[in-house]
Amino acid sequence: QVQLVESGGGLVQPGGSLRLSCAASGITFGVFSMGWYRQAPGNQRDVVATITRGGSTNYADSVKGRFTISRDNVKNTVYLQMNNLKPEDTAIYYCNANFRELWYWGRGTQVTVSS
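Keep in mind it's a predicted model, so treat the numbers as computed, not measured.

**Focus: the sheet that holds strand 7 (residues 67–72)**
Here comes step 1: On the basis of which strands lie adjacent, the open sheet formed by four strands has the order 1-3-8-7 and antiparallel pairing. The open sheet has two edge strands, strand 1 (3–7) and strand 7, and neither has a second partner. Taking each pair of neighbouring strands and ignoring which way they run, the sheet shows an average axis angle of 15°.
Here comes step 2: Where strand 7 and strand 8 (residues 77–82) come together, six bridges link them in antiparallel fashion. Residue pairing across strands places Phe-67 opposite Met-82, the latter belonging to strand 8.

**Observations regarding the environment of Asn-96**
Here comes step 1: Residue position: Asn-96 is located in strand 9 (residues 91–99).
Here comes step 2: Overall, the relative accessible area of 0% leaves Asn-96 in the buried class.
Here comes step 3: Separated by 74 residues in sequence, Asn-96 and Cys-22 place their C-alpha atoms 8.9 Å apart.
Here comes step 4: If we skip the residues at most four places from it in the chain, Asn-96 touches Leu-4, Ser-33, Met-34, Gly-35, Tyr-37, Trp-103, Tyr-104 and Trp-105.
Here comes step 5: Only 2.9 Å separates the side chain of Asn-96 from the side chain of Asn-98, close enough to count as a polar contact.

**Comments concerning the packing of aromatic side chains**
Here comes step 1: Counted by the stated rule, this structure contains four aromatic pairs.
Here comes step 2: Measuring from centroid to centroid gives 5.7 Å for Phe-32 and Phe-99, while their planes differ by 45°, and the two rings are tilted. Separated by 67 residues along the polypeptide, Phe-32 in the loop between strand 3 (18–25) and strand 4 (33–39) and Phe-99 in strand 9 bring together distant segments of the chain.
Here comes step 3: With 6.0 Å between their ring centres and 40° between their planes, Phe-32 and Tyr-104 make a pair best called tilted.

**Comments concerning the environment of Tyr-104**
Here comes step 1: By the secondary structure assignment, Tyr-104 is in strand 10 (residues 102–105).
Here comes step 2: Apart from residues no more than four positions distant in its own chain, Tyr-104 is found in contact with Val-2, Leu-4, Ile-27, Phe-32, Cys-95, Asn-96 and Ala-97.

**Topic: the nonpolar core**
Proteins that are soluble and globular tend to have nonpolar side chains buried together.
Here comes step 1: If you look at the biggest cluster of nonpolar residues, it comprises 28 residues, and the most contacted ones within it are Met-34, Trp-36, Leu-80, Met-82 and Tyr-93.
Here comes step 2: Going through the elements one at a time, strand 3, strand 4, strand 5 (46–51), strand 7, strand 8, strand 9 and strand 11 (109–113) are the ones with two or more residues in this core.
Here comes step 3: If we skip the residues at most four places from it in the chain, Met-82 touches Gly-16, Ser-17, Leu-18, Leu-20, Arg-66, Phe-67, Tyr-93 and Val-111.

**Concerning the pairing of strand 4**
Here comes step 1: Burial runs high along strand 4: five of the seven residues are buried.
Here comes step 2: Looking at chain direction, strand 4 and strand 9 are connected through seven bridges and run antiparallel. Directly across from Gly-35, in strand 9, lies its bridge partner Asn-96.
Here comes step 3: Judged from the five bridges that link them, strand 4 and strand 5 form a sheet pairing that is antiparallel. Counterpart to Gly-35 in the pairing with strand 5 is Thr-50.
Here comes step 4: Hairpin geometry of strand 4 and strand 5 is characterised by an intervening segment of six residues between the two adjacent antiparallel strands and by a positive phi of about 80° at Gly-42.

What counts, and at which threshold
- Residues numbered from 1 in each chain as written.
- Predicted model: local features only at pLDDT ≥ 70, side-chain atom pairs only at ≥ 80, totals over all residues.
- Heavy atoms only, no water.
- Pairing = 2+ DSSP bridges.
- Helix = DSSP H or I, 4+ residues; strand = E, 2+ residues; numbered from the N terminus.
- Axes fitted to C-alpha atoms, helices over the stretch in contact; angles between N-to-C directions.
- Buried < 20%, exposed > 50% of the residue type's maximum accessible area, 1.4 Å probe, protein only.
- Contact = heavy atoms within 4.5 Å.
- Polar contact = N/O pair within 3.5 Å; in protein donor to acceptor, adjacent residues only side chain to side chain.
- Phe/Tyr/Trp six-rings, centres within 6.5 Å; stacked < 30°, edge-to-face > 60°.
- Core = buried A, V, L, I, M, F, W, Y, C linked by side-chain atoms within 4.5 Å.

Now the structure itself:
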């Protein structure tokens, strides 16, 4: 059974930082590309950052220079370090694992940026 379990969300003030984690099980983690997506109320789910099995990364323009995605293939975990958070970063953040036609999602973790 595939499980992607996110953690690390919460309430933070503008300018603050959070580190999200996504622990994967039930997949051969090392062959999967991993990603973080987010969805704000009334909006579609958008990609935030992705990392391939080789470690290549891509970021949405809105988070470049502020967010960093990384992965630990020993711990089967992907991370999203979020710095200089802004109110517009408020959303539910979802972990994704994909390999060819296989796409898996976590249940999400809420990030709220507010003073």
